[in-house]
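Spelled out from the first residue to the last, the chains are:
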Amino acid sequence: MTKGRNNGFFVMSNRIRRRLMHSLMAISLAVLLFFGITACTTIPSPDQAEQVTQHQVIETVFKNIEKRYAAAATIGNISIAGLKSLSKTDALLSIGESRELIKLHYDNHLIGSWRKPQPNDYDLWAALTSSALTAGWAQSGKLRTEDRGGLLDRFFKAGLAKLDHYTRYEGPDKARNTRARREGFGGLGVTIRHDEDKTFVRRVHEGTPAFNAGVLVGDQITHIDGKSLTALSQRSVIGKLRGPIHSRADLTIIRNSSPSPLTVTLIRAHIILPTVTSTLEDGVLNIIISGFNQGTSRSIGKILSETELSSGNVKGIILDLRGNPGGLLDQAVAIADYFLNNGRIISTRGRHRRANQTFDASWGERAPKLPIVILVNGLSASAAEIVAVAMRDRSRAVIVGTSSYGKGSVQTIVRLPNGGELTLTWAYMIAPSGFNLQNHGVIPAICTSGSEDRLRAMMSSVKRDMGSGDPTLAAMLASRYAVRSDPTEARKMCPPSKRERPEDTEIARYILKHGEIYHKALHDGAPAIAER
């Protein structure tokens, strides 16, 4: 999960950005002085410019780890682990270290030697690391088969493995796609299907330029701005569909119902991919949330506004968070706020003072008195777990399914000088009941993993519509009550599962129908004080 000011992700402050720009030449000079290199020109060659950018990227990453990572980390260990990964590409390259020196060898010949900085001197470790990468690149033909971006990818993959699983580096291309999923992008509003070098429209999103222009599912897009899409990869086609907001795109379309190709002119808009769908069936509003991006809470708010919740036609709500990997923290907080009336939603704790925050619900809720069931499984993570645990701990929803993933950390996004991103763990999530979500996750009140015999017995009770006298569900809730003082043991009894069972939804509807079972599950499925 990512978080930060305003839009839910970290944005480098203007002050820091100015400092980076002003220190560009100073950084270059520092590298030269540190390694005793001289230059005869003030205008760097393209290779020198790449080295300067490489150094800036490494220094920015190291600085943020030292200043903001959730736990104490040693920059020197990260650097050495990353440099040692070079030998996986070229076995003739090797890194050695003594008490005072770091040495780089190629085919047993010394090609670089550096004084070892203090363990967390990120400035000097960045200079050393960048110089070592450049020396290895210059010596090894195998390394030069990739561009400098690939070298940084390999270095950071190995070096950041010294930290937690969620801290990672993404190069410019991958980071651009990640930002598009998170923040939106300039586009037309179509999802495509790429089949045998042909591009077909698989989905047209409501309210987008493509929707308004009458583009249809099944249309084949043959040209964009007069240029053929034949033989282009799906990634290349997506790149051509996207572009600056307000820019023009002329599509040539083949449609089965049209005797000749059509030309459709569109103006690109800011597109945020939909993450929410909903249906109203037999008085139950079923809301499926596939992820948390910038548009998720707005979509939920629209559904709640357009559904006449107070009319008596809606008897309950199912929030389906199965398979939801999470996303933006502020979106999870906003969605939980819709269904809570004041009180704690989540808090975060970390090494940096700004990582210690609390998030509380505002007064008033959007669905008062309506019972709510939340569905989770082993792929429900991060922001999805925030919504589930907040509503569980506040006795606002019954959780059905399997134990969730157990990702209890918060990541901040750092934009890097090369256009890439560092996703950095900087805090841990604390549930309203006081326990850390990391590795524990959310334990459901009604578990559908584990014994198939138990699930069959539950479903038999559901199909017989036994209501409050159902001994099977009562026994499960009693069992959950007995183990809820030990979340580790409870997780073993209800192991995570990737499956999205139809039985989950059937049980949810059954619970919403029977108030006695619902209220018992609210009580017996809540966390105990001992879980804190």
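Residues numbered from 1 in each chain as written. Predicted model: local features only at pLDDT ≥ 70, side-chain atom pairs only at ≥ 80, totals over all residues. Heavy atoms only, no water.

**Comments concerning helix α11 (residues 296–306)**
The condition that has to hold: Exposure classes here rest on a 1.4 Å probe applied to the protein chains alone. A residue is buried below 20% of its type maximum, exposed above 50%, and partly exposed in between. Helix and strand labels come from DSSP, where a helix needs a run of H or I of at least four residues and a strand needs a run of E of at least two; each type is numbered from the N terminus. It is the directions from the helix axis to the C-beta atoms whose arc is reported. Residue contacts are counted whenever heavy atoms from the two residues lie within 4.5 Å of one another.
Within α11 the residues assigned to the buried category are Thr296, Ser297, Ile300, Gly301, Ile303 and Leu304. Buried residues of α11, viewed axially, fall in a sector of 160°; they line one side. More than 90 degrees from the buried face of α11, the exposed residues found are Arg298, Lys302, Ser305 and Glu306. Taken together, the buried residues of α11 touch β14 (276–281), β15 (284–289) and α12 (329–339).

**Let's talk about the sheet that holds strand β2 (residues 93–97)**
Formally: Think of it this way: DSSP has to see at least two bridges between two strands before they count as a pair. Axes here refer to lines fitted to C-alpha atoms; in helices the fit is confined to the stretch in contact. Angles between the N-to-C directions go from 0 to 180 degrees.
Strands sit in the order β2-β3-β4 across an open sheet of three strands; the sheet is antiparallel. Because the sheet does not close on itself, it has two edges, and the strands there are β2 and β4 (109–115). The mean inter-strand angle of the sheet, taken between neighbouring strand axes irrespective of direction, is 20°. In terms of strand pairing, β2 meets strand β3 (residues 101–106) through five bridges, oriented antiparallel. Bridged to Ser94 within β3 is His105.

**Observations regarding the packing of aromatic side chains**
Spelled out, the test is: Only Phe, Tyr and Trp rings are paired, with Trp represented by its six-membered ring, and only when their centres lie within 6.5 Å; those with planes under 30 degrees apart are stacked, over 60 edge-to-face, the remainder tilted. Note on geometry: a ring has a charge over it if NZ (lysine) or CZ (arginine) is within 6 Å of the ring centre and within 35 degrees of the ring normal.
Evaluation of the coordinates by the stated rule reveals three aromatic pairs. Plain terms: the ring middles of Phe62 and Phe155 are 6.4 Å apart, the flat faces sit at 55° to each other, and that makes the pair tilted. Taken together, the residues Phe62 in helix α3 (residues 46–68) and Phe155 in helix α7 (residues 148–159) connect sequence positions 93 residues apart. This pair shows no difference in class: Phe62 is buried, exactly as Phe155 is. Between Phe156 and Tyr169, the ring centres sit 4.6 Å apart and the planes meet at 35°, which makes this aromatic pair tilted. With Phe156 in helix α7 and Tyr169 in strand β5 (residues 168–170), this pair connects stretches of sequence that are 13 residues apart. With a relative accessible area of 11%, Tyr169 lands in the buried category. When the ring centre of Tyr166 is taken as reference, the NZ or CZ atom of Lys407 above it lies at 4.7 Å.

**A word on the sheet that holds strand β16 (residues 316–320)**
Taken together, six strands build an open sheet; the order of strands is β14-β15-β16-β19-β20-β23 and the sheet is mixed. The open sheet has two edge strands with one neighbour each: β14 and β23 (446–447). Pairing geometry for β15 and β16, over five bridges, is parallel. Across the sheet, residue Leu285 finds its bridge partner in β16, namely Ile317. Across the sheet, helix α13 (residues 383–393) touches β16, β19 (372–376) and β20 (398–401), and the angle it forms with β19 is around 140°.

**Here we look at the pairing of β19**
With five of its five residues buried, β19 lies for the most part within the structure. Of the two faces of β19, the one lined by Ile372, Ile374 and Val376 and the one lined by Val373 and Leu375 are each fully buried. Relative to β19, β16 runs parallel, the two sharing four bridges. Note that in β19 the partner of Ile317 across the bridge is Ile372. Relative to β20, β19 runs parallel, the two being bridged by four bridges. When the sheet's bridge partners are listed, Leu375 is paired in β20 with Val400.

**With respect to the side chain of Arg255**
Position of Arg255 relative to the elements: it lies in the loop between β11 (248–254) and β12 (262–267). Ignoring sequence-local partners within four residues, the contact set of Arg255 consists of Gly214, Val215, Leu216, Asp219 and Leu262.

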